[in-house]
Amino acid sequence: MPTIITATELRSVLGVSSALYDDTYLNGIIDTSENTILPMLVTFKSPIQKTVLNDNVATFTTLGVHEFTAGQSVVIAGCGPYNGTRTVLDSDLGAYTFQAAITNADVAEANVIPSGSATLSSASTYVGNQSVRSAVFAVSVEVFQSRIAAGGQIEGVDFTASPFRMGRSLFNRCVGLLGPYLDVESMCQ
């Protein structure tokens, strides 16, 4: 579900009617755009190495130092029955471990292969940020145009076909907008 922009806002930018492109179609484009932009931004994300569940409290062991604090919402992914948005508990909060309440039968400690992930629920951090909104709009327009262009090729104003607009150059155009918010640590990993 889109969080940065709405289907109505995108429809207005594109100049299309709801009879032609419904909210579901445009939401899919916005989701694609947000899934492209948001991972590039500063977030607190840690790979999960190990999980265990005792007395309705799950303990997650991360591969590196996580930066979660008690009360934050963390999205767990790639960890089977632990997946979902969880609230970090105050108990056993260490540099490499954190806990969350999960109502379930006990589960023995197990390694997570490949590593799961714990990501601070951060999309809401960028709601209303005009630079991020502009980047999501730019990518959304490109995705929309690539879907409707014949053969997937978009023509520039000089009528030059641009088959690579959805490639690396799209990231380069967005980096200018997102410079202060880019997660430089993710580039080094």
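One can find the structure itself at the top, above this paragraph.
Residues numbered from 1 in each chain as written. Predicted model: local features only at pLDDT ≥ 70, side-chain atom pairs only at ≥ 80, totals over all residues. Heavy atoms only, no water.

Peer 1: Honestly, the nonpolar core in this entry has me stumped. Any pointers?
Peer 2: For soluble globular proteins, the rule of thumb is that nonpolar side chains tend to be buried together. L10, L26, I37, V132 and L178 are the most contacted members of the largest nonpolar core, which totals 27 residues. Taken together, the elements giving at least two residues each to this core come down to α1 (7-14), α2 (23-37), α3 (130-148) and α4 (168-178). For this core, the element with the most residues is α3, which contributes eight residues. Not counting residues up to four positions away in its chain, the partners in contact with L10 are I5, L26, I29, I30, F137, S140 and V141. Ranked by size, the runner-up nonpolar core spans 16 residues in total, among them I48, F68, I76 and A118. (Core = buried A, V, L, I, M, F, W, Y, C linked by side-chain atoms within 4.5 Å. Buried < 20%, exposed > 50% of the residue type's maximum accessible area, 1.4 Å probe, protein only. Helix = DSSP H or I, 4+ residues; strand = E, 2+ residues; numbered from the N terminus. Contact = heavy atoms within 4.5 Å.)

Peer 1: Which parts of the structure should I look at to understand the pairing of strand β6 (residues 107-120)?
Peer 2: In regular strands, side chains alternate between the two faces of the sheet. Bridge count for strand β1 (residues 45-54) against β6 is seven bridges, and the pairing is antiparallel. What sits directly across from S46, in β6, is A118. Pairing of strand β3 (residues 73-77) with β6 involves four bridges; the strand directions are antiparallel. From the neighbouring strand, A77 faces β6, where its bridge partner is S117. (Pairing = 2+ DSSP bridges.)

Peer 1: How should the pattern of salt bridges be read in this particular structure?
Peer 2: If the charged atoms of two oppositely charged side chains come close together, the side chains can form a pair. Throughout the structure, instances matching the rule amount to three salt bridges. Residue E9 pairs with R133 through a salt bridge whose shortest N-O separation is 3.1 Å. In this pair, E9 is assigned in helix α1 and R133 in helix α3, connecting sequence segments 124 residues apart. By relative accessible area, E9 is classed as partly exposed at 28%. (Salt bridge = Lys/Arg side-chain N within 4 Å of Asp/Glu carboxyl O.)

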